[in-house]
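Structural overview for review
In case you want the letters, here they are:
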There are 2 protein chains.
Amino acid sequence: MYIILVYDILSDENGARISRNIFKICKKYLTNVQKSVFEGEITPVLLKKLNIELGKFIRKDKDSLIIFKSRQEKWLEKEFWGIEDDKTSNFF
Amino acid sequence: MYIILVYDILSDENGARISRNIFKICKKYLTNVQKSVFEGEITPVLLKKLNIELGKFIRKDKDSLIIFKSRQEKWLEKEFWGIEDDKTSNFF
């Protein structure tokens with residue numbers, strides 16, 4: 001399946017560390033398209049692994065992480081209205 | 001069509017003001033699901049209007065805004081791995 005993953009980590013004393021970890025984990029499975037947005041093809045087994053890995057960091061009362069799933073990538077078209085590639089994501 | 005809109009505004013001296021404006025404009029057309037993530041059904045005409053309104057604020061060399069388009073919402077399924085509703089978006 002094809003997924004878009006977006007996250008928003010609360011900026012408290014642990015926020016920066018958690019963000020870095022979430023970013024690194026997502027990058028192992030998906031393509032980074034914006035600072036906290038990833039996309040890509042993934043199997044259900046790998047999605048489960050990703051869920052388990054992220055579950056160690058995401059705080060269910062503070063952080064938001066949404067997965068949009070599509071059965072086929074061809075149903076999704078992308079438009080860039082600002083910077084084409086995410087040049088803001090190189091800060092890690 | 002159904003779209004997911006994600007944006008990332010550079011945090012410079014104008015960043016906060018631009019973010020607030022982008023947020024307000026998007027909220028007129030779409031549903032806010034995470035701090036800088038919106039989704040919803042939109043017609044091509046309204047999408048064009050949204051593009052024009054946002055174009056007044058988005059800086060093409062600094063900010064990122066991506067639109068993912070899907071022909072049918074039923075092709076998209078959503079999972080929340082953190083906070084269910086975006087409680088982080090009430091700060092505007």
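Position labels on residues start from 1 in each chain and follow its written sequence. Just so you know, chain letters begin at A and ligand numbers begin at 1, following the order they were written in. In view of the model being predicted, local features appear only for residues whose pLDDT reaches at least 70, and side-chain atom pairs are presented and counted only at 80 or more, with totals across whole chains, interfaces and linings using the full set of residues. The basis for every side-chain value is the complete set of heavy atoms in the structure, and neither hydrogens nor water enter the calculation.

For chain A, the name recorded in an unreviewed UniProt entry is CRISPR-associated endoribonuclease Cas2, with Leptotrichia shahii as its organism. UniProt positions are given in the numbering used here, feature names are shortened, and annotations may be inferred rather than shown by experiment. As its UniProt record puts it under Cofactor (unreviewed entry), chain A is described as follows: "Mg(2+)". Here is the UniProt Sequence similarities (unreviewed entry) comment for chain A, exactly as written: "Belongs to the CRISPR-associated endoribonuclease Cas2 protein family."

Working definition: helices are DSSP H or I runs of at least four residues, strands are E runs of at least two. Numbering for both runs from the N terminus. Secondary structure summary: chain A contains 2 helices and 5 strands in total. Moving toward the C terminus, one meets the helices and strands of chain A in the order β-α-β-β-α-β-β. The globule rule puts the C-alpha radius of gyration for 92 residues at 12 Å, and the 13 Å found for chain A is close to it. Principal-axis analysis of the C-alpha atoms places the extent of chain A at approximately 40 × 35 × 20 Å. When burial is assessed residue by residue, chain A has 51% of its 92 residues classed as buried. Any two residues whose heavy atoms approach within 4.5 Å are treated as being in contact. Taking all contacts inside chain A whose residues are at least 6 apart in sequence as the whole, residues at least 24 apart take part in 73%. Here the radius of gyration uses the C-alpha set of atoms, whereas the globule reference equals 2.2 Å times the residue count to the power 0.38. Each residue is assigned to one of three classes by its accessible area relative to the maximum for its type, calculated with a 1.4 Å probe on protein chains only: buried under 20%, partly exposed between the two thresholds, exposed over 50%.

With that settled, consider the UniProt feature "binding site: Mg(2+)" (unreviewed entry) in chain A. Residues and elements named next belong to chain A. UniProt's entry tags D8 with the feature "binding site: Mg(2+)" (unreviewed entry), counted in the numbering of this structure. With respect to the secondary-structure elements, D8 resides in strand β1 (residues 2–8). With relative accessibility at 11%, the residue D8 sits in the buried group.

We now examine the pairing of strand β2 (residues 31–34) of chain B. Residues and elements named next belong to chain B. Bridging between β2 and strand β3 (residues 37–41) involves 3 bridges; their strand directions are antiparallel. Within β3, the position partnered with Q34 by the bridge is V37. The criterion for strand pairing is that DSSP finds at least two bridges linking the strands in question. Between β2 and β3, which pair antiparallel and follow one another directly, the connecting turn spans 2 residues.

The 5 strands lie next to each other as β5(A)-β4(B)-β1(B)-β3(B)-β2(B), forming an open sheet whose pairing is antiparallel. Of all the strands in the sheet, the pair left with one neighbour each is β5 (76–80) of chain A together with β2 of chain B. Each strand of the sheet is rotated relative to its neighbour by a mean of 25°, with strand direction disregarded. With 5 bridges connecting them, strand β1 (residues 2–8) of chain B and β3 of chain B associate as antiparallel partners. The residue bridging I3 of chain B from the neighbouring strand is G40 of chain B, located in β3 of chain B. Lines fitted to C-alpha atoms define the axes, with helix axes restricted to the stretch in contact, and inter-axis angles between N-to-C directions lie between 0 and 180 degrees. Its contacts with the sheet put helix α1 (residues 15–29) of chain B on β1, β2 and β3 of chain B, and the angle it makes with β1 of chain B is roughly 175°.

A few words on the pattern of salt bridges. All names here are of chain B. What counts as a salt bridge is simple: a side-chain nitrogen of Lys or Arg found within 4 Å of a carboxyl oxygen of Asp or Glu. In this structure the tally under the stated criterion is 16 salt bridges over all chains. In this structure, the salt-bridge partner of D12 is K62, at a minimum N-O distance of 3.2 Å. Pair noted here: D12 is in the loop between β1 and α1 and K62 is in the loop between α2 (44–55) and β4 (64–70), with a separation of 50 residues, a long-range link. One salt bridge connects E39 with K78, and the closest N-O pair in it is separated by 2.4 Å. Of this pair, E39 sits in strand β3 while K78 is found in strand β5 (residues 76–80), placing the two residues 39 residues apart along the sequence. The buried category is assigned to E39, whose relative accessible area is 7%. Take K78: its relative accessible area is 34%, and that puts it in the partly exposed class.

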